[in-house]
Amino acid sequence: MKIATIVGARPQFVKAATVSRAVKELREAGTDIEEFLIHTGQHYDHNMSEVFFKEMEIPAPRYNLGIGACKQGAMTGRMIESIEDVLNREHPDWVLVYGDTNSTLAAAIAAVKMHIPVAHVEAGLRSFNRRMPEEINRILADHSSELLFTPTQSATDRLLVEGIPRKKIHQVGDVMYDATMHYRVKSAENSSIVKMLSLSPKKYVLATIHRAENTDDPHRLREIFAGLDEISKEVTVVLPMHPRTRKALEEAGIHLNGQGNLIIIDPVSYLDMIQLESNAQLIMTDSGGVQKEAFFFQVPCLTLRTETEWVELVTHGYNTLVPLERTAIINAWRMQKYEGINWARPLYGKGNAAHAILDTLLGKKENKPNTESTEEANLLKAHL
Ligand code: UDP
């Protein structure tokens, strides 16, 4: 079986790493399975891309499309065209896509139109905010997919509500949990970032901001950074800054007053990030992956967004949504209470999502999309 995996952005490298490692293990055990990677180039800086391949031992991409730094439409269009060329040449049995980026959408569209079945990892997530580019990407990728691998019960339930046939949905847990379990040891052995930044464990806040709905709105961005600036007068705040955020701050002319202890650094590698996360007292973020990692490391999280796809974290009190306004952000920091929380809930599976995904793909080798479409049409007719 031949799998084409499409990656392009930082969270996808983390997710793909675990599945690629599981492919390697299966191959070594004699299974007939081959995977090759297509890197769209959506993220291209060394510390947003290359460092992940090196550190996480992800196989080098067979194709590097070099499509980054352009507008949504141009980026997605160019990716569809280039991915189609690659698929025409390689004829994979499956196209494997991750998450919700433009690379996910482009690959799903290119493949489904060529009648190559698509498998979507991290399917079924919804923010119910259609102004987010990610929300559009997720919905379209899910509805183009033959196999939908959901990380949580709420994601599975959502797909059923949207009319996706149950047999296409496989709740396997979260590949990011697999990644955390695997790399935490290597991180503890190899990363010295906490020491390098002279941080005291459990005495600092880790913050990340990069969502377009925060960076592209100068008022919001100003409020968020005013809040962080203020908090940093009470506690050290470390912020590995995404290139998009740096650019947005410059363009909006936002200057930090520098009176507190706000340590802004370049984006860090995954092994460094794990150390920063697990040693933090609190995490403040608008990242999807970082919200979950906070839970994996039993660190409370304040999410600087109006909604989250990871609803179970909020339901169980691990995570709190904070209004995007300076005073609300400061108050959320001052009023946090997390004593007595039960961190032991297995919300994201058992850490074997990657193998469950590959087992399902191997079992479905002969499953082609056309027969499924007929079945879906009959199901729909029965409901009308
Ligand atoms: N991450 C990292 N270095 C950083 C910031 C984030 O390695 O400086 C990792 C983080 O640990 C998580 C992933 O990148 O595994 C999340 O990616 P991001 O926040 O860019 O995207 P999202 O999860 O919001 O889609």
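Heads up: the structure comes first, above all this text.
Keep in mind it's a predicted model, so treat the numbers as computed, not measured. (Residues numbered from 1 in each chain as written. Predicted model: local features only at pLDDT ≥ 70, side-chain atom pairs only at ≥ 80, totals over all residues. Heavy atoms only, no water.)

### With respect to the packing of helix α4 (residues 102–113) against helix α5 (residues 133–144)
Two elements in contact, α4 and α5, have axes separated by 9 Å at closest approach and are oriented at 25 degrees. Between α4 and α5, the interaxial angle falls into the category roughly parallel. Crossing geometry of α4 relative to α5 is assigned as left-handed. Between α4, through Asn102, Thr104, Leu105, Ala108 and Val112, and α5, the contact on the second element is made entirely by Asn137, Leu140, Ala141 and Ser144. The residue makeup of the contact of α4 with α5, split by class, is five nonpolar, four polar and no charged. (Axes fitted to C-alpha atoms, helices over the stretch in contact; angles between N-to-C directions. Helix = DSSP H or I, 4+ residues; strand = E, 2+ residues; numbered from the N terminus. Parallel < 35°, antiparallel > 145°, perpendicular 65-115°, else oblique. Left-handed = near helix turned anticlockwise from the far one by under 90°. Contact = heavy atoms within 4.5 Å. Nonpolar A, V, L, I, M, F, W, Y, C, P; charged D, E, K, R; others polar.)

### Some remarks on the pattern of salt bridges
As enumerated under the stated definition, the model contains 24 salt bridges in all. Glutamate 122 is the salt-bridge partner of lysine 15, the closest N and O atoms lying 3.1 Å from each other. Of this pair, lysine 15 sits in helix α1 (residues 10–28) while glutamate 122 sits in the loop between β5 (118–121) and α5, and the two are 107 residues apart along the sequence. What makes lysine 15 buried here is its relative accessible area of 5%. Residue glutamate 122 is classed as buried on the basis of its relative accessible area, which comes to 10%. For the salt bridge of glutamate 122 with lysine 292, the shortest nitrogen-to-oxygen distance reads 3.4 Å. A residue pair is termed long-range when its members are at least 10 positions apart, and glutamate 122 in the loop between β5 and α5 and lysine 292 in helix α13 (residues 288–296) qualify at 170 residues. Linked through salt bridges whose partners overlap, the residues forming this network are Asp100, Glu135, Arg138, Glu213, Arg305, Glu307 and Glu309. (Salt bridge = Lys/Arg side-chain N within 4 Å of Asp/Glu carboxyl O. Buried < 20%, exposed > 50% of the residue type's maximum accessible area, 1.4 Å probe, protein only.)

### Remarks on the sheet that holds strand β10 (residues 262–265)
Overall, parallel pairing links the six strands, which are arranged β10-β9-β8-β11-β12-β13 in an open sheet. Since the sheet does not close on itself, it has two edges, and those belong to β10 and β13 (319–321), each with one partner. Put simply, the sheet's adjacent strands are angled 20 degrees from each other on average, direction ignored. In this fold helix α10 (residues 218–231) packs onto β8 (204–208), β9 (236–240), β10 and β11 (282–285), with an angle of close to 140 degrees to the strand it touches most, β9. Along the sheet, helix α12 (residues 270–278) makes contact with β8, β9, β10 and β11, crossing β8 at roughly 130 degrees. (Pairing = 2+ DSSP bridges.)

### Regarding the pairing of strand β4 (residues 94–98)
Burial within β4 is extensive, with five of its five residues counted as buried. Inspection of the sheet shows strand β1 (residues 2–7) paired to β4 by four bridges, in the parallel sense. Residue threonine 5 lies in a different strand from β4, and its bridge partner there is leucine 96. You can see the chain leave β4, run along α4 and come back into β5, and the turn it takes is right-handed. (Right-handed = clockwise from strand over helix to strand, strands pointing away.)

### Notes on the site of the ligand
Lining the immediate surroundings of the ligand are 19 residues, of which Val268, Ser287, Gly288, Gly289 and Glu293 lie closest. Contact distances for the ligand include 3.4 Å between an oxygen atom and a side-chain N or O atom of histidine 210. One of the side-chain nitrogen or oxygen atoms of arginine 211 is found 2.9 Å away from an oxygen atom of the ligand. Counting only elements with at least two residues in the shell around the ligand, the list comes to α1, α12 and α13. Looking at which element gives the most residues to the shell around the ligand, the answer is α13, with four residues. Looking at the shell around the ligand residue by residue, the class counts come to ten nonpolar, five polar and four charged. (Near = heavy atom within 4 Å. Polar contact = N/O pair within 3.5 Å; in protein donor to acceptor, adjacent residues only side chain to side chain.)

### Some points on the pairing of β1
The buried fraction of β1 amounts to six of the six residues, a majority that puts the element mostly inside the structure. The side-chain alternation of β1 yields two buried faces, one formed by Lys2, Ala4 and Ile6 and the other by Ile3, Thr5 and Val7. Sheet topology places β1 next to strand β2 (residues 34–39); six bridges connect them, and they run parallel. Bridging across to β2, lysine 2 finds its partner in glutamate 34. The parallel pair β1 and β2, bridged by α1, forms a crossover whose chirality is right-handed.

### A few points about the nonpolar core
Nonpolar side chains in soluble globular proteins tend to end up buried together. Core analysis: the biggest nonpolar cluster contains 67 residues, and Leu276, Leu358 and Leu361 have the highest contact counts within it. A per-element tally of this core places α1 first, with eight residues. Setting aside residues no more than four positions away along its own chain, leucine 358 makes contact with Ile3, Val19, Ala22, Val23, Leu26 and Ile33. (Core = buried A, V, L, I, M, F, W, Y, C linked by side-chain atoms within 4.5 Å.)

### Some remarks on the sheet that holds β4
As summarised here, the arrangement of the seven strands in space is β3-β2-β1-β4-β5-β6-β7, forming an open sheet in which the pairing is parallel. Edge strands, defined here as strands with exactly one partner in the open sheet, are β3 (63–64) and β7 (169–171). Direction of pairing for β4 relative to β5: parallel, over a ladder of four bridges. The residue bridging leucine 96 from the neighbouring strand is alanine 119, located in β5. In this fold helix α6 (residues 153–161) packs onto β6 (147–150) and β7, with an angle of close to 170 degrees to the strand it touches most, β7. Sitting on the sheet, helix α16 (residues 353–363) touches β1, β4, β5, β6 and β7, and the angle it makes with β6 is about 165 degrees.

Everything listed here is a matter of coordinates, which is why it stays silent on function.
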